[in-house]
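Structural features, examined
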Amino acid sequence: MAQRALTGLRVADFSHVVAGPLATHFLALNGAEVVKIEPPRGDALRNYTLDPAQRGMAPAFGGINIGKTSVVLDLKTEEGRAKAEAIIAQSDVVVENFRPGVMARLGLGPAEMRAKYPHLIWCAVSGFGQSGPMADVAAMDQIIQSLSGVMQLSGLPGDPALRIGFPLVDTFTGLLAAFAIQTALLQRERGLVAGQEIDVAMLDAALVMLLSVVNPLLMTGEEPLRTGNRGFSRAPTSDTFACADGEITIGAVEDWHVAKLLAVLGLADLLDDPAYATRTARAAHADALAARLAAALATQPAAHWEDALRAVGVPAARVQDVGQAVAMPHLAQRDLFLTLPAPDGGTQRVLNAGFRFREGGPGTDRPAPVLGAG
């Protein structure tokens with residue numbers, strides 16, 4: 001069996017909660033040895049649960065710390081700092097998401113450590129980056145969602161700002177940090193640099209995540225619009241509609257999609273009407289067309305329309321909750337889930353990395369560590 005890409009690399013992980021630990025999570029899934037350095041109270045994410053019985057090993061923590069080891073160090077003590085430096089000295093990568101300057105004040109900052117250990121890839125994850133007038137401002141996912149414009153993009157015009165229902169910015173920031181770390185490792189391997197310092201800011205990452213609307217704004221001044229469930233194309237035939245049972249999202253963007261959609265709904269004659277014959281005309285009469293589509297779709301369950309539209313090549317999907325999504329039979333063949341030992345002695349399923357290799361792909365057989373258990 002082929003080894004995973006990062007086998008043999010060691011990561012000193014000083015990060016906590018989501019963004020930093022998610023970056024090291026992807027490194028661990030690809031074979032890196034990740035040593036999670038935690039304070040005596042542990043990573044705060046260990047207690048992100050309303051169930052007292054799960055505190056210390058909350059599922060949110062368990063899912064993104066699999067394959068790692070845990071070492072408890074009090075970095076406020078000389079002994080703790082000495083042990084931390086010993087771990088850093090034996091590592092290839094350091095990841096931390098303290099506020100800028102915290103590691104330096106402990107004598108463990110990138111300047112000090114890279115002067116002694118120039119091979120290090122140092123990745124600092126923070127809300128606003130290591131420089132700039134907002135570098136010291138406190139941040140978390142929902143704060144960056146608010147500040148970046150994410151919360152103003154969801155919903156319809158006039159709606160209150162709406163937080164995306166999971167830590168979207170943390171998640172994308174972690175992915176971006178993992179990508180940056182692996183890029184820096186490749187630089188080092190090719191002899192382009194001896195080591196590297198990486199500065200990943202949640203606000204920067206959020207705006208990069210929004211590139212499909214930020215770039216048009218920068219290039220032409222085009223302001224992004226709140227369009228509810230209507231797709232990025234803004235076509236009225238690319239939206240979410242109520243059905244006799246449930247809801248369906250349709251992605252009829254191309255002209256041939258629209259022709260097939262209207263034929264399935266028994267509305268093919270609409271293409272003979274100049275108001276609906278072209279993309280531009282349909283956009284100008286979007287509300288009227290959406291009303292005709294909604295009336296037709298309301299006559300049958302979502303599952304009926306999903307089958308009928310997929311049969312003719314029109315993108316369509318029932319609206320599902322997360323539980324229904326993870327139970328889809330299709331996913332059982334995608335290596336998307338790992339079965340690992342659970343704290344109660346049984347087993348638990350967690351997500352894998354979300355991509356597959358023919359050989360040496362991501363994964364681990366170790367659950368998240370108990371605090372200080374190594």
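Residues numbered from 1 in each chain as written. Predicted model: local features only at pLDDT ≥ 70, side-chain atom pairs only at ≥ 80, totals over all residues. Heavy atoms only, no water.

Some details on the overall build of the protein
Rule in force here: Helix and strand assignments follow DSSP, with helices taken as H or I runs no shorter than four residues and strands as E runs no shorter than two, numbered in order from the N terminus. Classification of residues uses two cut-offs on accessible area relative to the type maximum, computed with a 1.4 Å probe and protein chains only: under 20% is buried, over 50% is exposed, and between them is partly exposed. The contact criterion used is simple: two residues touch if any of their non-hydrogen atoms lie within 4.5 Å. Every accessible area reported is derived by Shrake-Rupley at a probe size of 1.4 Å, with residue values counting cover from the shown protein chains alone. Positive charges come from Lys and Arg, negative ones from Asp and Glu, while His and the chain ends are left out of the count. Where a charge lies is defined by one atom per residue type: Lys uses NZ, Arg uses CZ, Asp uses CG and Glu uses CD.
Looking only at helices and strands, the protein features 15 helices and eleven strands. Taken over 374 residues, the protein has a buried fraction of 41%. Taking the contacts inside the protein whose residues are at least 6 apart along the sequence as the reference set, 66% of them involve residues at least 24 apart. Counting only carbon and sulfur atoms, one obtains 57% of the accessible surface of the protein, whose full area is about 19,400 Å². Charged side chains in the protein number 31 positive and 38 negative. The centres of these two groups are separated by 4 Å.

Overview of the nonpolar core
One broad trend across soluble globular proteins is that nonpolar side chains are buried collectively. The criterion, for reference: The term nonpolar core refers to a set of buried residues drawn from Ala, Val, Leu, Ile, Met, Phe, Trp, Tyr and Cys, joined through side-chain atoms within 4.5 Å.
With 35 residues, the main nonpolar core has Val-11, Val-93, Cys-123, Ile-181, Leu-185 and Ile-198 as its most contacted residues. Listing elements by their share of this core, those giving two or more residues are helix 1 (19-29), helix 2 (59-64), strand 4 (93-96), strand 5 (121-126), helix 8 (168-189), strand 6 (196-201) and strand 10 (337-341). For this core, the leading source of residues is helix 1, giving seven residues. Those residues in contact with Val-11, other than ones at most four positions away along the chain, are Thr-24, Leu-27, Ala-32, Glu-33, Val-34, Val-35, Ser-91, Val-93 and Val-95. Grouped together as the second largest cluster of nonpolar side chains are 22 residues, Ala-252, Leu-297, Trp-305 and Val-314 included.

Regarding a nonpolar patch on the surface
Rule in force here: What goes into a patch is any residue over 30% in relative accessible area without a salt bridge, connected to like charges within 9 Å or, for nonpolar side chains (Val, Leu, Ile, Met, Phe, Trp, Tyr), within 5 Å. Salt bridges are defined as contacts in which a side-chain nitrogen from Lys or Arg sits within 4 Å of a carboxyl oxygen from Asp or Glu.
Residues Val-72, Val-370 and Leu-371 make up a contiguous nonpolar surface patch of about 210 Å² in total accessible area. Along the chain, Leu-371 falls in the segment after strand 11 (347-351). Relative accessible area serves as the criterion here: at 30%, Leu-371 is assigned to the partly exposed category.

Focus on the environment of Asp-43
Cut-off, in case you're wondering: A 3.5 Å cut-off defines polar contacts: any pair of N or O atoms within that distance qualifies, except that in protein one atom must be a possible hydrogen donor and the other a possible acceptor, and neighbouring residues in sequence count only when both atoms are side-chain atoms.
Within the secondary structure, Asp-43 is located in the loop between strand 2 (33-38) and helix 2. Put simply, Asp-43 and Gln-142 are 99 residues apart on the chain and 19 Å apart in space, counted from C-alpha to C-alpha. Apart from residues no more than four positions distant in its own chain, Asp-43 is found in contact with Ser-15, His-16, Val-17, Pro-21, Lys-36, Glu-38 and Phe-61. Among the polar contacts listed, one links the side chain of Asp-43 to the side chain of Lys-36, at a separation of 3.0 Å.

What to know about the packing of helix 6 (residues 141-148) against helix 9 (residues 202-209)
For clarity, the threshold we go by: Note on geometry: axes are C-alpha line fits, over the in-contact stretch for helices, and angles between N-to-C directions span 0 to 180 degrees. If an angle is under 35 degrees, it is roughly parallel; if it is over 145, roughly antiparallel; if it lies from 65 to 115, roughly perpendicular; otherwise it is oblique. Crossings are sorted by hand: turned counterclockwise from the far helix by less than a right angle, the near helix makes the crossing left-handed, and turned clockwise it makes it right-handed. Only Asp, Glu, Lys and Arg are considered charged in this grouping, and only Ala, Val, Leu, Ile, Met, Phe, Trp, Tyr, Cys and Pro are considered nonpolar; every other residue, Gly among them, is considered polar.
For the pair helix 6 and helix 9, interaxial distance at closest approach is 10 Å and the crossing angle is 55°. In terms of axis orientation, helix 6 runs oblique to helix 9. Regarding helix 6 and helix 9, the two cross each other, and that crossing is right-handed. Contacts between helix 6 and helix 9 involve Asp-141, Ile-144 and Ser-148 from the first element and Met-202, Leu-203, Ala-206 and Leu-207 from the second. Classifying every residue of the contact of helix 6 with helix 9 gives five nonpolar, one polar and one charged.

Topic: the sheet that holds strand 7 (residues 238-242)
Adjacent strands of a sheet pair through backbone hydrogen bonds, lying either parallel or antiparallel. The following threshold applies: When DSSP finds at least two bridges between two strands, those strands are taken to pair.
Spatial ordering of the open sheet is given by 7-8-9, a layout of three strands whose pairing is antiparallel. At either margin of the open sheet sits one strand with a lone partner, and together these are strand 7 and strand 9 (316-318). Averaged over all pairs of adjacent strands, the angle between their axes in this sheet comes to 15°, without regard to strand direction. In the sheet, strand 7 pairs with strand 8 (residues 247-251) via five bridges, with the strands oriented antiparallel. When the bridges of strand 8 are listed, Asp-239 appears paired with Ile-250.

Some thoughts on the pattern of salt bridges
Within this structure, the stated rule accounts for 15 salt bridges. The partner of Lys-36 in a salt bridge is Asp-43, with the nearest N and O atoms 3.0 Å apart. According to the relative accessible area criterion, Asp-43 is buried, its value standing at 2%. One salt-bridge network, held together by shared partners, links Glu-306, Arg-310 and Arg-318.

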